[in-house]
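The primary structure of each chain is shown beneath.
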Amino acid sequence: MAESSRHFIQQMIDADLAEGKNDGRVHTRFPPEPNGYLHIGHAKAICISFGLAEEYGGLTNLRFDDTNPTKEDVEYVDAIREDIKWLGYKPTGGEFFTSDYFDQLYNYSLKLIDDGKAYVDDQTSEQIASQKGTPTEPGTHSPFRERSPQENRELFEKMKAGECDEGSRVLRAKIDMANPNMHMRDPIMYRIMFATHHRTGDKWCIYPMYDFAHGQSDSIEGITHSLCSLEFEVHRPLYDWYIENLDIFPSRQTEFARLNLNYTVMSKRKLLRLVEDGVVDGWDDPRMPTISGLRRRGYTPESIREFISRVGVAKRENIIDVGLLEWALRDDLNRVAPRVMAVINPIKLVITNYPEGQIEWLPSVNNPEDPESGTREIPFSKELWMEADDFKIEANRKWFRLAPGKTVRLKSAYIIEYENHICDENGNVTEVHVKYFENSKSGSDTSGIKAKGTLHWVERNHAIDAEVRQYDRLFADEAPDGHKDKDFTEFLNPNSLEILSNCKLEPSLADAQQGTTYQFTRLGYFTPDSKNSREGALVFNRAVTLRDGWKG
RNA sequence: UGCCCCAUGGUGUAAUGGUAACACACCUGAUUUUGGUUCAGAUAUUCCAGGUUCGAGUCCUGGUGGGGCAACCA
């Protein structure tokens, strides 16, 4: 973890600290809007804000940015809390809601009205939009711009009292309709919405806009470093304007580039569509780039944090290869995942010279990367299941697995040699017959035979049946939402889910733990599906395959 | 044709005026009772043009390219 180079935000904080700014405090916040589930892009924001505070011995607030009751819901609040906790972070500075500050925000707006810096506009949204100008032309003033503070105050109080229709009036800041930054052209502060808020109920019928709420909320909480993504960069002058004109604690906003991953979409709107259209099995579908989806898929929090740290922090637009995320998972799981044997496309393997009815319990290493992990015993007998892919009728010398004339080792057991095979009427191999070398037992091999390949297997009578779901990327295109004139759903990968229902697992998996990801030897990493796996009807999700170095 | 941001191997990220580095990917080879892991090695990089300087990826000017901004969304 000893990274010598410091990214630009760390350098900024270092400089602030050196200057003695904020009495040496570092206080960040993570401000999700509870209108959807968190995704891997949010994980970056979480790791930055929580991680930086941790690093500097500071605090982080979790603040739900709930200023738009028509889009927000408590379901999302709970999911967001859980995801943050699962990632391993705690809101050390407390948990808040922007709605906690509605009274304070209202008082702030009164101050701006009294100072002649805000006014009530009676125009329609269309009229206001048409006066806004364009990026290249200045806007024009509203006819209501010069109302007196007294009149504005009376009108605004009426708005608050519910005496005005939705859409009939707004409160705007009086800044500069000719400003080259569109956000400074008399931005709307409050709009009327007769909507029940998930926390404040029907207390309010006016709700503050993001810009009028965010900076002040930061300020109220004493946030020193307000870190957000690049698209808010143009909002910063307004963020600063409100703080300055309200004369409140000067939180500082700093922007970094958000995380983009190839072969997926990352906007909440698009993810919501996949959920609503039933393309996926909810926000936590294992193919979704959501935190909950990755969790269900079998990702570990450690792997996600490692991934985020590898991705870095900068201001440059970036598209990260999803392969890096998979690498981070393998890197973590290789160290910690228990190894087990599972055959997902089973065919029969008969050891012709092994005694009928005999069972041996053979020790097998739980994790060769972890000497502490010990061994467990797995049953072995004359009839086993082997992987269909591990047998080929015609094979060349580069084929290390079973084929006519080939000799291989059965993992943790014996070396076997091909004798015969049986096909069904379609020519598919259904059964392979081999002989074993009794003196080649794992750990006490005196046979002197060298087998190039090692196969996994499961004893036939002790095998547990299970369903295995193998996932591939949800989209077949690197940038599914990067095509003009083409909807991102056109690039859905039709093979993103493959369900195998006749899989055979070693008996120890009968009590596979939810939340544990196992390595199925030679296949990949798998975890029980949190939604569908039951005792006696196990369902496993494949998190990721093993790296495949074989160029056959 | 306004304002803001950005530009370093295939992908990311460093180098803070002094030998362009690290990770992932890719390719070789070694080891291996997982074609995994591990280890060793190879290939490959400063958008362009001027300027400042003994010296520029870094500073300046001008281009070019990419992204963002005109919701009563956040």
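### Remarks on the pairing of strand 6 (residues 188-192)
The buried fraction of strand 6 is high, at 4 of 5 residues. Both strand 5 (residues 170-173) and strand 6 contribute to a ladder of 3 bridges, which runs antiparallel. What sits directly across from Leu 171, in strand 6, is Tyr 190.

### Observations regarding the packing of aromatic side chains
Pairs of aromatic rings are described using the distance from one ring centre to the other and the angle between the two planes. Inspection of every chain in the model, using the stated rule, returns 26 aromatic pairs. Taking 6.0 Å as the distance between ring centres and 80° as the angle between the ring planes, the aromatic pair formed by Phe 102 and Trp 204 counts as edge-to-face. Taken as a pair, Phe 102 in helix 4 (residues 102-114) and Trp 204 in the loop between strand 6 and strand 7 (206-208) lie far apart in primary sequence, 102 residues in all. Taking the relative accessible area as the measure of exposure, Phe 102 reaches 2% and is therefore buried. With 5.9 Å between their ring centres and 55° between their planes, Tyr 106 and Trp 204 make a pair best called tilted. One end of the pair, Tyr 106, is in helix 4; the other, Trp 204, is in the loop between strand 6 and strand 7, and 98 residues separate them in sequence. Taking relative accessible area as the criterion, Tyr 106 reaches 8% and is therefore assigned buried. Through a chain of ring-to-ring contacts, three or more aromatic side chains come together here, namely Phe 102, Tyr 106, Phe 156, Tyr 190, Trp 204, Tyr 207, Phe 212, Trp 241 and Tyr 242. Arg 401 extends its terminal NZ or CZ atom over the ring of Trp 550, reaching a point 4.8 Å from the ring centre.

### Remarks on the protein's contact with RNA strand B
Of all residues adjacent to RNA strand B, which total 67 residues, the nearest are Gln 11, Thr 67, Arg 339, Ser 442 and Gln 519. For RNA strand B, the fraction of atoms within 4 Å of the protein that belong to sugar or phosphate moieties is 62%. Within the side chain of His 235, a nitrogen or oxygen atom sits 3.0 Å from a base nitrogen of RNA strand B. With respect to RNA strand B, the backbone of Phe 400 contributes an N or O atom lying 3.0 Å from a base oxygen. Elements with a contribution of two residues or more to the surface near RNA strand B: strand 6, helix 11 (301-311) and helix 12 (322-336). Looking at the surface near RNA strand B, the element that brings in the most residues is helix 12, giving 3 residues. Residues of the surface near RNA strand B, tallied by class, amount to 22 nonpolar, 22 polar and 23 charged.

### Concerning the packing of helix 1 (residues 8-19) against helix 2 (residues 40-55)
Orientation of helix 1 relative to helix 2, taken along the N-to-C sense of each, is 40°, at an axis distance of 12 Å. When the axes of helix 1 and helix 2 are compared, the pair comes out oblique. Considering the relative orientation of helix 1 and helix 2, their crossing is right-handed. Within the contact between the two elements, helix 1 uses Ile 9, Gln 10 and Ile 13 and helix 2 uses Ile 48, Leu 52 and Glu 55. Partitioned by chemical class, the residues of the contact of helix 1 with helix 2 number 4 nonpolar, 1 polar and 1 charged.

Here is what the cut-offs are and how they apply
Residues numbered from 1 in each chain as written. Chains lettered and ligands numbered in written order. Predicted model: local features only at pLDDT ≥ 70, side-chain atom pairs only at ≥ 80, totals over all residues. Heavy atoms only, no water. Buried < 20%, exposed > 50% of the residue type's maximum accessible area, 1.4 Å probe, protein only. Helix = DSSP H or I, 4+ residues; strand = E, 2+ residues; numbered from the N terminus. Pairing = 2+ DSSP bridges. Phe/Tyr/Trp six-rings, centres within 6.5 Å; stacked < 30°, edge-to-face > 60°. Lys NZ or Arg CZ within 6 Å of the ring centre and 35° of its normal. Near = heavy atom within 4 Å. Polar contact = N/O pair within 3.5 Å; in protein donor to acceptor, adjacent residues only side chain to side chain. Nonpolar A, V, L, I, M, F, W, Y, C, P; charged D, E, K, R; others polar. Axes fitted to C-alpha atoms, helices over the stretch in contact; angles between N-to-C directions. Parallel < 35°, antiparallel > 145°, perpendicular 65-115°, else oblique. Left-handed = near helix turned anticlockwise from the far one by under 90°. Contact = heavy atoms within 4.5 Å.

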